[in-house]
Amino acid sequence: MELVKPEIGLIFWMTLSFLILLFILKKAAWKPVLKMLTKREDDITKALNEANLAKEQMKQLTIDNEKLLAQAKDERDAILSEARKISQKMYDDAKIKASEEGQRIIAAARENIDIEKQKAVADIKNMIAEFSLEIAEKVLQSELSDKNRQKDYIHQQIEHINLS
Amino acid sequence: MILKCCKKGSYDFLRYFVFVVVGVILLPNSAFCSENLEGTESKEPSHAKSKFNVGETIIEHVVDAYQWHIMDVKGKAIAIDLPVILIDNEGIHVFSSAHFEHGHQPYKGYAICHQKGMKKGKIVKIHENGEIDNDFFYLDLSITKNVLSLFIGIAVILAIFLSVARNYKKRGVQAPKGIARAIEPLVLFVRNDIARPCIGKKSEKYLPFLLTMFFFIFINNLLGLVPFFPGGANLTGNISITAVLAAFTFIITNVSGNRDYWKHIVNPPGVPWWLKIPIPLIPLVELIGVFTKPIVLAIRLFANITAGHIIALGFICLIFIFGQMSPALGGGVSVGSVAFYIFMGLLELLVAFIQAFVFTLLSAIYIGLAVEEHHHKEPSVAEIK
């Protein structure tokens, strides 16, 4: 029976001790321990969230970077092709202009040549006329030095003139 | 083999079964032998050399005492004489239990009772002629073996947890180190697997109580398994201790019980009216349930731990029983006994944890039931209109 009989002394000491233990542990142990455990859990959750956020941001950044790179590439290509076009155009323009200039110079030269040629031809004609006159004069002087010959020539000329 | 394949429920049953069987074998035996002893004692006071009495020995080890008997050296007992504190109408008496001379001498009108019955082993007031005065009122607040063990247990708990708290304060949110690393999983276990699922949102409020209770039972269970001085007292296997623990649960449960809790006791919903009026049958059952819950808590812990101590002691006693027949036989039996004792010790380690867990879990469940917010689908006034 003594095994199952509660004793007042033990109950008294147990109640007192347990209350004191509960009080001390609550103030000195459970409060800091539980606070720290909760804080650690919160910190871990926060850190995980932050890591996720950072990962997300990193991803966004990479995407942005790639976008930027692609854009830059496109821009470069555009600029290059534009430059190529401009240079081609400049080359073509220069070519056309050069050929035009050439043509023009050739045409002008040809014109000059023509003018010079005509001048020369006119000069030659004039000279030929002068020479002819001189020759004719000399011939006439020699032919008409005596009276008989003058008469013969006049007759000859008159003969050529057909009065009919 | 049987224990291995048994689940928790049937394991509990097995424990009770073993406890009952051992109790049935030992208790009449002890009563019978103590009578015998009583008879021989009057003729020959030096009972130390008399026949080895199993029941007496075991019961002596599991019940409380005014001395802490550590060991015998050359037939002389080495024991700590604990202070006796008695309060009666003459005032407070404080004296060493050594004055009782191992219970053979009265002192200041008090003596240790040897008679069979409720007061066996307790301090009683005696008349001049040596008869027990049953009407005399006094309070026995002696520092007994269990009270000292309680103080040692509390000292151990405080030493552990104040150091753990210091560790947390020092290291902050960093991973725990040293003893805190061993304690943290248990704290988390109580919080995450006992308090939160059973109580829910309000668990933070009851967590210090549940944690204190869990570690008090667990550490004292373990101390009880230590076979020599600072441990070895059957503290958590003492009905007074478990009753106080259960009383705390009882008080907290009923103090924090909300309207729904009392409504479920006084007027349980979903029960036919004729079970409540004119005879309040179900409310009566519910009311009994309020008291049986803590009583069962107290008895479960007490019976489990005491049974463990009795079985362990039984195995050790086997050696001496056979040793009395022949020393060689005792030596032979000791091999098996020690093997079984070790096996029981390992089992008791498990039980120490399981019982602390079960006690805390059930306390949490009772508190949880008391603070639970019910959401009945009762039509409100607005809905009826």
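Remember, predicted model here, so these are calculated numbers, not experimental data. (Residues numbered from 1 in each chain as written. Chains lettered and ligands numbered in written order. Predicted model: local features only at pLDDT ≥ 70, side-chain atom pairs only at ≥ 80, totals over all residues.)

Quick look at the packing of helix α8 (residues 259–266) of chain B against helix α9 (residues 281–325) of chain B now. All names here are of chain B. Their axes nearest at 7 Å, the elements α8 and α9 cross at an angle of 125°. Put simply, α8 runs oblique to α9. Here His264, Ile265 and Val266 of α8 lie close against α9, whose contacting residues are Pro283, Glu286, Leu287 and Val290. Taken together, the residues of the contact of α8 with α9 break down into 5 nonpolar, 1 polar and 1 charged. (Axes fitted to C-alpha atoms, helices over the stretch in contact; angles between N-to-C directions. Helix = DSSP H or I, 4+ residues; strand = E, 2+ residues; numbered from the N terminus. Parallel < 35°, antiparallel > 145°, perpendicular 65-115°, else oblique. Contact = placed C-beta atoms within 7 Å. Nonpolar A, V, L, I, M, F, W, Y, C, P; charged D, E, K, R; others polar.)

Take the packing of helix α1 (residues 8–143) of chain A against helix α6 (residues 203–225) of chain B next. Relative orientation of the contacting elements α1 of chain A and α6 of chain B amounts to 110°, with a least axis distance of 9 Å. As the angle between them shows, α1 of chain A and α6 of chain B are arranged roughly perpendicular. At the point where α1 of chain A passes α6 of chain B, the crossing takes the right-handed sense. Contacts between α1 of chain A and α6 of chain B pair Phe18, Leu21, Leu22, Leu25, Lys26, Trp30 and Leu34 of chain A from the former with Leu207, Pro208, Phe209, Leu211, Thr212 and Phe216 of chain B from the latter. Within the contact of α1 of chain A with α6 of chain B, the residues separate by chemical class into 11 nonpolar, 1 polar and 1 charged. (Left-handed = near helix turned anticlockwise from the far one by under 90°.)

To continue, consider the domain arrangement of chain B. You can read the domains of chain B as domain 1 (80–143) and domain 2 (146–371). For domain 1 of chain B versus domain 2 of chain B, the separation of C-alpha centres amounts to 32 Å. (Domains from an automatic or database assignment.)

Residue and element names in this part refer to chain B. Confidence in the prediction for chain B averages 81 pLDDT; 84% of positions are at 70 or higher. Segment residues 1–10: pLDDT under 50, and 3 contacts once partners within four positions in sequence are set aside and those in other chains are kept. In the predicted structure, residues 20–49 sits below a pLDDT of 50 and forms 28 contacts with residues beyond four places in sequence or in another chain. Among the scores for the predicted complex, ipTM is 0.80 and pTM is 0.73. (pLDDT = per-residue confidence, 0-100.)

The next thing to look at is the environment of Lys120 of chain B. Among the structural elements, Lys120 of chain B can be located in the loop between β5 (110–112) and β6 (123–125). A residue is classified by how many C-beta atoms lie within 10 Å of it, and Lys120 of chain B, with 18 of them, is partly exposed. Here Lys120 of chain B is in contact with Glu2 of chain A together with Cys113, His114 and Gln115 of chain B, once residues within four sequence places are set aside. (Buried ≥ 20, exposed ≤ 12 C-beta atoms within 10 Å, placed from the backbone.)

Residue and element names in this part refer to chain B. The strand order β4-β3-β7 describes an open sheet built from 3 strands, whose pairing is antiparallel. The sheet is open, and its two edges are formed by β4 (91–96) and β7 (138–140), each paired on a single side. Across the sheet, the mean angle from the axis of one strand to that of its neighbour is 20°, orientation sign disregarded. With 3 bridges connecting them, strand β3 (residues 83–88) and β7 associate as antiparallel partners. Looking at the pairing, Asp88 lines up with Tyr138 of β7. (Pairing = 2+ DSSP bridges.)

Moving on, we get to the interface of chain A and chain B. Across the boundary between the two partners, chain A contributes 33 residues, which contact 44 residues of chain B. Within the side of chain A that touches chain B, the residues separate by chemical class into 23 nonpolar, 3 polar and 7 charged.

Moving on to the pairing of β4 of chain B. All names here are of chain B. The sheet contact formed by β3 and β4 spans 6 bridges and is antiparallel. Paired with Asp88 across the two strands is Gly91, which belongs to β4. The hairpin turn running from β3 into β4, its antiparallel successor, is 2 residues long.

Our focus in this paragraph is the nonpolar core. Core analysis: the largest hydrophobic core is formed by 75 residues, its most contacted members being Ala195, Leu210 and Phe214 of chain B. Secondary-structure elements contributing two or more residues to this core are α1 of chain A together with α3 (54–62), α4 (145–171), α5 (179–199), α6, α7 (239–255), α9 and α10 (327–371) of chain B. Among the nonpolar cores identified, the runner-up in size contains 8 residues, and Tyr66, Leu86, Phe100 and Ile123 of chain B belong to it. (Core = buried A, V, L, I, M, F, W, Y, C linked by C-beta atoms within 7 Å.)

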